[in-house]
Amino acid sequence: MKVSKRDVLLLLAFLGIFAAVLSYVFVFQPTMEKTEALAEENKQLEERIADLTIKSGNRDTYESETAQMRREIEEIYQLFPVDVREENAVLLAINQELLSPMTIQSVTIDALVEVPIVEAQDQEMPDATYEIDEVEEIEDATGTQEAPTPDAVDTQSAEGVNPFHLMNRRTTMNYEVSYEGLKRSVKNICMQTDRMVIENLAVVYDEQTGLLRGTTAVNMFCVPGQEGKEYEEPDFGGVLLGTDNIFGTRVIRSEGSLPDLEDGEEGAEDEADAEAE
């Protein structure tokens, strides 16, 4: 079979085009994609370097502000008592009943529990890698450590939310009170020196008594283990203990003027017999 010169030229042209296509697909295009990826990575690294440089220049300011914030946090936690016991909740209920005034029907005191830790918000970390020698040299020179991993960020954030182990005891009071007494009860809680907050308050009007029947839940906070602080027992010196009417029955007005049985009619008869003898 004889091949013409024209066919040879067409075949050579086809092979050239095919080689050019292969070169573009397998050599030129991957190289361009890699170049674009490296350019994007270099841009992110440049931004990272600029950020580290700024932070390194402001390092003293950051450290002083951080130390100031820690001192302020410690001063705030010093306002909390080291413990909140059942007697503190009882004394609060007694003060509410006396100062509002109100009639407390029941008090529920929960166990002392740790305040739930707030979940740290997810923080987006830059996609750039930090294994390039130039970045490591800059971080070593500026004293900046490598960016922490997301797991480390979550752990550090979770530990920083409640570093002093803030605790609280919930006290729930059920009562009857007037509208003015209700306002006084809220103000009395706000005026307490110990750290506490009203978690829930619900009242309803009672048509039979004309008073408000309500429930107030108060969270009483404390920070155990504070150095140089001890638990201070509440003073019950001004609180009347016991009752003359254990069944809570009503007292008829005329009962208050009745003499004791020993000094009444039987006592008079005994005195008369003694005089006759």
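Structure: above.
Since the model is a prediction, treat every value here as computed from it, not as a measurement.

Student: Help me get a handle on the pairing of strand β3 (residues 167-177), residues and values and all.
Tutor: Burial runs high along β3: 8 of the 11 residues are buried. Sheet analysis places strand β1 (residues 103-109) next to β3, joined by 6 bridges and oriented antiparallel. What sits directly across from Thr-108, in β3, is Thr-172. Sheet analysis places strand β2 (residues 113-114) next to β3, joined by 2 bridges and oriented antiparallel. Paired with Val-113 across the two strands is Asn-168, which belongs to β3.

Student: Could you give an account of the packing of helix α3 (residues 86-99) against helix α6 (residues 179-190), with specific residues and numbers?
Tutor: Here α3 crosses α6 at 140 degrees, and the two axes come no closer than 9 Å. Between α3 and α6, the interaxial angle falls into the category oblique. Our pair here, α3 against α6, has a crossing hand that is right-handed. Mapping the contact onto sequence places Asn-95, Gln-96 and Leu-99 in α3 and Arg-184, Ser-185, Asn-188 and Ile-189 in α6. Here the contact of α3 with α6 is built from residues that sort into 2 nonpolar, 4 polar and 1 charged.

Student: Residues and numbers for the pattern of salt bridges, please.
Tutor: For the structure shown, the criterion picks out 6 salt bridges. For Asp-51, the salt bridge is made with Lys-55, and the minimal N-O distance between the two is 3.1 Å. In this pair, Asp-51 and Lys-55 both sit in helix α1 (residues 5-57), 4 residues apart, roughly one turn of the helix. Taking the shortest distance from any N to any O, the salt bridge between Arg-85 and Asp-83 comes out at 2.9 Å. Judged by relative accessible area, which is 31%, Arg-85 ranks as partly exposed.

Student: An account of the environment of Glu-180 is requested, with residue identities and associated values reported.
Tutor: Checked against the element boundaries, Glu-180 lands in helix α6. On a C-alpha basis, the gap between Glu-180 and Ser-100 in space is 7.9 Å, while along the polypeptide they are 80 residues apart.

Student: Describe the nonpolar core, with residues and values.
Tutor: In terms of nonpolar packing, the biggest core is built from 17 residues, with Ile-104, Met-173, Tyr-175, Val-177, Met-196, Val-218 and Met-220 touching the most fellow members. Counting residues per element, the ones that place at least two in this core are α3, β3, α6 and β5 (212-222). Filtering out sequence-adjacent residues up to four positions away, Ile-104 remains in contact with Ala-93, Gln-96, Glu-97, Met-173, Asn-174 and Tyr-175. One finds Tyr-77, Phe-80, Leu-166 and Phe-221 within the second-largest nonpolar core, a separate group that totals 5 residues.

Reading the values: the criteria
Residues numbered from 1 in each chain as written. Predicted model: local features only at pLDDT ≥ 70, side-chain atom pairs only at ≥ 80, totals over all residues. Heavy atoms only, no water. Buried < 20%, exposed > 50% of the residue type's maximum accessible area, 1.4 Å probe, protein only. Helix = DSSP H or I, 4+ residues; strand = E, 2+ residues; numbered from the N terminus. Pairing = 2+ DSSP bridges. Axes fitted to C-alpha atoms, helices over the stretch in contact; angles between N-to-C directions. Parallel < 35°, antiparallel > 145°, perpendicular 65-115°, else oblique. Left-handed = near helix turned anticlockwise from the far one by under 90°. Contact = heavy atoms within 4.5 Å. Nonpolar A, V, L, I, M, F, W, Y, C, P; charged D, E, K, R; others polar. Salt bridge = Lys/Arg side-chain N within 4 Å of Asp/Glu carboxyl O. Core = buried A, V, L, I, M, F, W, Y, C linked by side-chain atoms within 4.5 Å.

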